[in-house]
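Residue-level listing of the chains:
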Amino acid sequence: MRSIAEKICCATVYCSTFSAVTRSQNSDFLRIFFSKSVLWSAQALSHWGWGCKVVHLYLSAGNLLIHLRLFDCSTPTRGVGVEKPVNVLPMTVQNAPPLSLRWAQGQVFTDKHRFRVLVAGRRFGKSYLSCVELLRGAINNPGETFFYCAPTYRMAKDIAWKVLKKLVPKPWIKTKNETDLKLELVNGSTIELKGTENAMALRGRSLSGVVLDEAAFMDAEVWFEVIRPALADKQGWALFISTPDGTASWFYDLWCYCEDDPTTEWRRWCYTTIEGGNVPADEVEAARAQLDPRTFRQEFEASFENLTGLVAISFSDDNISTDAKDISIQPLLLGVDFNVDPMSGICAVKDADTLYVFDEITLTGGATTWDFAEEVTRRYGVDRRVIACPDPTGGARKTSGVGVTDHAILRRSGFTVQSPRSPWKIRDKITAVNTGLMDASGARRVKIHPRCKELIKSLRTLTYAPGTGLPNKNLGVDHAFDAFGYLVLQQFNLAKPEAMGTTTYRLY
């Protein structure tokens, strides 16, 4: 191994690898840059003989510059002594894996603005970039605290905890808490992973830096009332990373603010999934066939989509066809919305990859689930195999008021019930409906008979409530849409297929 002096003499500065020695103007400290980790000794530094008060060792791992304050020198003269040189050895990382960032990630990483906003498509590598940012901050600022925030504690653990532990070399970790998701480094810095579902629990902390991952799905108070004040005393930085969530959100307002920022402290970027470089183009095209156009633009092209106007944006007259007829040899598929008045049902059959909606059931006047089941039996007979896809909350609700849940009534009526245990997210239901009506490639998987007037009316007239991004329930046309949505989600859930409910079928 060459001596330190030889390495320094041969050093050259590159953009991607740091290999040089610099000395501050006031000669208070010495900075040593190397592209490879080495074992340092007091004798080596003494022979080099730079007079300094503080020695900083910079270890370069790939394109990441890592800074460590190792020890203080006792005298600022040639032949300097070293205080507690044994502390140097634990900081060596000869076996640390290299860190690398793709070009788009590097644009954000190398920027010096205090507040940065990154809007990116799915699988861009946002969480990996978050962990690298936090690691750099923790190493460059000994003794300080840094937060990684996700919408929930579970998301923080699933998304970033394993990535962070893999990035940080074990010799650099002083303590690790698997419950609190907290790493304390040997230089006194801490990195903590937090969920923001209870934002008030995060108050009272002083932070030097924070990453808000999937910030669009957090409440505005997380930033304005909790995190922003926590950065004030240390003048800490913040990195917002997220896929977009429509224009009716605080995150979109923040995105717009960056462009007109009078403080010059803010900067923003927008990258698609393809530009992230982690997902091949053919995989993105495959996803195009499974999402409606608006959702595809939002999730993969990082576009802020305006969630105003019609909810069923993919619906058109091309979805209406007299070809949507009953096929008696196929099971009857039944979408059910357990509303007291009206109670709505959508009747369909599925052939190959197409759903044919040929009838609807609308009961008013306080009809019960028993009444609904009797009407289905009256129309299609007791021998017809019926697969009900109802509102998941019917597994606990008792709209009939007789001590039996709505799902139990359907089962007692001889129907097979397919439904997940937890309710669908409203956004998933809307996405599934629009994808079935027409996906991003132009294919239509749903045909509706003209006799289904209530469903057609609902698809044509249901709009979003102003400023919410949620369907407007006050219009009174959402019940048929909901019943149809439960059916589409359960029969071909293109949004989240892993969430489909399972059950057993009757044997004939």
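Everything numeric here is computed off the predicted structure, so don't read it as measured data. (Residues numbered from 1 in each chain as written. Predicted model: local features only at pLDDT ≥ 70, side-chain atom pairs only at ≥ 80, totals over all residues. Heavy atoms only, no water.)

### Quick look at the sheet that holds strand β11 (residues 237-242)
Right, on to step 1. Pairing is mixed across the open sheet formed by eight strands, whose spatial order is β7-β8-β9-β6-β10-β11-β5-β12. On the outer flanks of this sheet lie β7 (173-177) and β12 (266-271), each paired with one strand and no other. Shown here is a sheet whose adjacent strand axes are inclined to one another by a mean of 15°, direction ignored.
Right, on to step 2. In this structure, strand β8 (residues 182-185) lies alongside strand β9 (residues 190-195), joined through three bridges in antiparallel fashion. What sits directly across from Lys-182, in β9, is Glu-192. (Pairing = 2+ DSSP bridges. Helix = DSSP H or I, 4+ residues; strand = E, 2+ residues; numbered from the N terminus. Axes fitted to C-alpha atoms, helices over the stretch in contact; angles between N-to-C directions.)

### A look at helix α5 (residues 153-167)
Working note: α-helix, 3.6 residues per turn, so residues spaced by three or four point in the same direction.
Right, on to step 1. An ideal rise of 1.5 Å per residue puts 21 Å on 15 residues; α5 measures up with 20 Å between its terminal C-alpha atoms.
Right, on to step 2. The sharpest bend along α5 reaches about 40° and sits at Ala-160.
Right, on to step 3. Ala-156, Ala-160, Trp-161, Leu-164 and Leu-167 are the residues of α5 that are buried.
Right, on to step 4. Tucked inside the fold, the buried residues of α5 contact α4 (126-140), β6 (145-150), β7, β8 and β9. (Expected span 1.5 Å × (residues − 1). Bend = angle between axes of the 7 residues up to and from the residue. Buried < 20%, exposed > 50% of the residue type's maximum accessible area, 1.4 Å probe, protein only. Contact = heavy atoms within 4.5 Å.)

### Brief notes about the packing of aromatic side chains
Right, on to step 1. The final tally for this structure, using the stated rule, is 16 aromatic pairs.
Right, on to step 2. Seen in terms of ring centroids, Phe-146 and Trp-237 are 6.2 Å apart; in terms of plane orientation they differ by 35°. Their pairing is tilted. Here the residue Phe-146 occupies a position in strand β6, and Trp-237 occupies one in strand β11, the gap between them amounting to 91 residues.
Right, on to step 3. When its relative accessible area of 0% is taken as the criterion, Phe-146 is described as buried.
Right, on to step 4. Ring centres of Phe-296 and Phe-300 lie 5.4 Å apart, and the angle between their planes is 20°; this geometry places the pair in the stacked category. (Phe/Tyr/Trp six-rings, centres within 6.5 Å; stacked < 30°, edge-to-face > 60°.)

### Topic: the environment of Leu-437
Right, on to step 1. In this structure, Leu-437 sits in helix α13 (residues 426-437).
Right, on to step 2. In the structure, Leu-437 is positioned 51 residues away from Val-488 in sequence and 9.8 Å away in space, judged by C-alpha atoms.
Right, on to step 3. Leu-437 has contacts with Ala-312, Ser-314, Phe-315, Asn-319, Ala-443, Arg-444, Arg-445, Val-446, Leu-459 and Phe-484, leaving out every residue within four places of it along the chain.

### Re the pairing of β11
Right, on to step 1. Within β11, six of the six residues are buried, which leaves the element mostly enclosed by the surrounding structure.
Right, on to step 2. Burial of the side chains of β11 extends over both faces: Trp-237, Leu-239 and Ile-241 are buried on one face and Ala-238, Phe-240 and Ser-242 on the other.
Right, on to step 3. Bridging between strand β5 (residues 115-120) and β11 involves five bridges; their strand directions are parallel. Opposite Phe-115, over in β11, you have Ala-238 as the bridge partner.
Right, on to step 4. Pairing of strand β10 (residues 209-213) with β11, which is carried by five bridges, proceeds in the parallel orientation.

### Digging into the pattern of salt bridges
Right, on to step 1. Tallied over the entire structure, the rule returns 25 salt bridges.
Right, on to step 2. The shortest N-O distance in the salt bridge between Asp-245 and Arg-427 comes to 3.0 Å. Taken as a pair, Asp-245 in the loop between β11 and α7 (250-259) and Arg-427 in helix α13 lie far apart in primary sequence, 182 residues in all.
Right, on to step 3. Among the residues examined, Asp-245 registers a relative accessible area of 17% and is labelled buried.
Right, on to step 4. What makes Arg-427 partly exposed here is its relative accessible area of 29%. (Salt bridge = Lys/Arg side-chain N within 4 Å of Asp/Glu carboxyl O.)

### Overview of the nonpolar core
Right, on to step 1. Judged by nonpolar contacts, the single largest core of 37 residues is most densely connected at Leu-118, Tyr-148, Leu-164, Val-168 and Leu-193.
Right, on to step 2. Per-element tally for this core: the top contributor is α4, with seven residues.
Right, on to step 3. Those residues within four positions of Val-168 in sequence are excluded, and the remaining contacts are Leu-135, Ile-173, Leu-183 and Leu-185.
Right, on to step 4. If you look at the next biggest cluster of nonpolar residues, it comprises 33 residues, including Leu-333, Cys-389, Leu-462 and Phe-481. (Core = buried A, V, L, I, M, F, W, Y, C linked by side-chain atoms within 4.5 Å.)

### Observations concerning the sheet that holds strand β15 (residues 354-363)
The strands that make up a sheet are held in pairs by hydrogen bonds between backbone atoms, and each pair lies either parallel or antiparallel.
Right, on to step 1. Strand order in the open sheet made by the six strands is β17-β16-β13-β14-β15-β18, with mixed pairing throughout. In this open sheet, the two strands that pair with only one neighbour each are β17 (416-417) and β18 (446-448).
Right, on to step 2. In this sheet, β15 lies alongside strand β14 (residues 343-351) in antiparallel orientation, the contact comprising nine bridges. Paired with Ala-348 across the strands is Val-357, a residue of β15.
Right, on to step 3. Most of the contacts of helix α15 (residues 478-491) go to strand β13 (residues 332-337), to which it runs at about 130°, and overall it touches β13, β14, β15, β16 (386-390) and β18.

### Quick notes on the state of the cysteines
Right, on to step 1. On inspection of all chains with the given rule, the structure shows zero disulfides.
Right, on to step 2. We note that Cys-256 lacks a disulfide partner, and the nearest cysteine sulfur, in Cys-258, lies 8.9 Å from it. (Disulfide = S-S within 2.5 Å.)

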